[in-house]
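# Structural features, examined
In case you want the letters, here they are:
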Amino acid sequence: MNLLKFIDKLPLPRVLQPVRVKDGIKYYEVTMTEFHQSLHSSMPKTRVWGYEHTYPGPVIEVSKGERIRVKWINDLPSKHFLPIDKTVHGAGKDTPEVRTVVHLHGGITPADSDGYPDAWFTNGFKQVGPFFEQEVYEYENLQDATTLWYHDHAIGITRLNIYAGLAGYYLIRSKHEQSLNLPKDKYEIPLLLQDRTFNKDGSLYYPKKEADDPTNIYPSIVAKFMGENILVNGKVWPYLEVEPRKYRFRLINGSNARYYKIRLDSNQPFYQIGTDGGLLEEPVTIKSIILGPAERADVIIDFSSQKHNKIVLINDAKDEFPEDPKINQSNTRFIMQFRVTLPLLSNDTSTIPPKLTDINFYKEQEAIRTRHLELIAQDDQYGRRIRLLDYKTWDDPITEKPALNDIEIWSLSNPTTGGHPIHLHLVKFQILDKQLFDVEHYEKTKQIKYISERMPPAANDHGWKDVINVFHGETARIIAKFAPYTGRFVWHCHILEHEDYEMMRPFDVVIRKEQSRLKKLIYNKTWSHIFKNT
Ligand code: C2O
Ligand code: CU
Ligand code: CU
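What counts, and where the lines are drawn
- Residues numbered from 1 in each chain as written.
- Chains lettered and ligands numbered in written order.
- Predicted model: local features only at pLDDT ≥ 70, side-chain atom pairs only at ≥ 80, totals over all residues.
- Heavy atoms only, no water.
- Salt bridge = Lys/Arg side-chain N within 4 Å of Asp/Glu carboxyl O.
- Helix = DSSP H or I, 4+ residues; strand = E, 2+ residues; numbered from the N terminus.
- Buried < 20%, exposed > 50% of the residue type's maximum accessible area, 1.4 Å probe, protein only.
- Pairing = 2+ DSSP bridges.
- Donors = N, O, S within 2.8 Å, 3.2 Å for Na, K, Ca; no water.
- Polar contact = N/O pair within 3.5 Å; in protein donor to acceptor, adjacent residues only side chain to side chain.
- Contact = heavy atoms within 4.5 Å.

### Considering the pattern of salt bridges
All told, the structure shown has 45 salt bridges when counted by the stated rule. Close ionic contact of Glu-177 with Arg-250 constitutes a salt bridge, the shortest N to O distance being 3.9 Å. Here Glu-177 is found in helix H2 (residues 175-179), whereas its partner Arg-250 is found in strand E15 (residues 246-253), with 73 residues between them in sequence. The closest approach of N and O atoms between Lys-392 and Asp-390, which form a salt bridge, is 3.2 Å. Classification of Asp-390 by relative accessible area gives buried; the value is 16%. Connected through salt bridges with shared partners, the residues Glu-61, Arg-173, Glu-177, Glu-188, Arg-248, Arg-250 and Asp-298 form a single ionic network.

Below, the structure is given as structure tokens:
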């Protein structure tokens, strides 16, 4: 299907209102349904799944420190319209086909509201997964202002549920952020980048089997799926009319597997002001930005010298990113168009402050341990590729058990050919460095032999992150503090086809023995002076 570019307006998702406020706590209800929506004006409507009858879902907007409750309700059909692979963990014959559970990506959320993959539920909560705990989730929103997104996380079918449309924005605001005088209201725009392929009738295409699949399993998990059309906020190659002034864009890469390397064809820079987890210390003037699956970028674009111009947001990354260094020449090179055609309504008094915030950077010496973890690809029993975290599957015993408040370094090494955007729940982390190692040597000996110096992150990665891109032959070291909640969380590759097929592991944040002893002591007043001094 050859769809014309830049003929549909960019849709702007509405902000969700709570159904009630009780004891000062906003309570929302969000229902997942199946419906048909126009994704391009020259294509028949497409069957999608969405939150609150819209794809992408409505924006949930909160203030830092504002506690909210959300009841996520599944009102979906019992049959999936995309091909389920029942050999994939958690998607077997005995489980209901359509399961959902909602995760707030980047949210620092208690375990019982985090959307654990086995905490799924079906339509009307008729059936629930083994880890299901509660119908209503609570978000404390104690973290700094940033761009989060909520999306489905059901075990074994996350790639299909998100591809069907189950994703939406969640913005945390703060007084500090407001004080910065950034472009706001209609000059602040969410841009959710996704890729989809369509059948001739406008329905969503998702492959059942890889072309070279050696098995007779049908349907069958694929290594990764990339769509032929780029959608922003649920429209294929849209355009946005803008005034000649500054705008703030909240970008999310919500694609299953695609990397983007964005730039503007006007050759203007972006002023990047934020990463996954919040504001950068200072704005970074940058011509192109890499966005791996689930990564976010908070950017300002200044259109003031572009009156009457049309500017295209370009994607330089080819499907095999970064292994294929050639510039993308296919349709997926285009993302959307900005038309600087609106008159300037009033003087642009917004600013790009030279100083945005202070980040408390962890020091390497503060880390209590380093975990060396390898990102692995093997063949499964059917001869298909399967990707693992440190040679372990989802069901293997839990090996990552940081104690509450511990600072740890996770050193992630990738000898596989593709890149892996690795995501941790619960924490925001910082990137310490990357280092190259000898992959051939690794293949022979399973030993990491470094062949480069440690390289610090780029200026626009020098902030709070919850996704780290680990490319072929790289070791990336991240540092995080495992707080403020104990319980069971997950870490995984955010290429959804990898996540669904074993590249996901649970981790536990535990109370260490000494910690629980201290906790008891704390109630003993005679010992209280000890704690004053520690
Ligand atoms: Cu965006 Cu565990 O996911
Ligand atoms: Cu997450
Ligand atoms: Cu991966």
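### A short note on the pairing of strand E17 (residues 270-275)
The buried count for E17 comes to 5 of 6 residues, which makes it a mostly enclosed element. In this structure, the hairpin formed by E17 and strand E18 (residues 278-286) is closed by a connection of 2 residues. Bridge analysis of E17 against strand E20 (residues 296-302) gives 3 bridges, and the strand direction is antiparallel. Pairing of Gln-272 across the sheet is with Val-299, part of E20.

### A few points about the coordination of the copper ion (ligand 2)
Coordination of the copper ion (ligand 2) by the protein comes from His-103 (NE2) and His-423 (NE2), over a distance range of 1.9 Å. Of this pair, His-103 sits in strand E6 (residues 102-105) while His-423 sits in strand E26 (residues 420-424), and the two are 320 residues apart along the sequence. By relative accessible area, His-103 is classed as buried at 1%. Judged by relative accessible area, which is 0%, His-423 ranks as buried.

### A few points about the side chain of Glu-400
The topology assignment puts Glu-400 in the loop between strand E24 (385-389) and strand E25 (407-414). Of note is the side chain of Glu-400, whose polar atom sits 3.1 Å from the side chain of Thr-399. With sequence-adjacent residues up to four places away left out, Glu-400 is seen in contact with Arg-371, Leu-373, Trp-410, Trp-491, Arg-505, Phe-507 and Asp-508.

### Details of the pairing of E26
Along E26, 5 of the 5 residues are buried, which leaves the element largely enclosed by surrounding structure. Of the two faces of E26, the one carrying His-420, Ile-422 and Leu-424 and the one carrying Pro-421 and His-423 are both buried. Where E26 and strand E28 (residues 467-470) come together, 4 bridges link them in antiparallel fashion. Opposite Ile-422, over in E28, you have Ile-468 as the bridge partner. Pairing analysis gives 3 bridges linking E26 to strand E30 (residues 487-493), with the strands arranged antiparallel.

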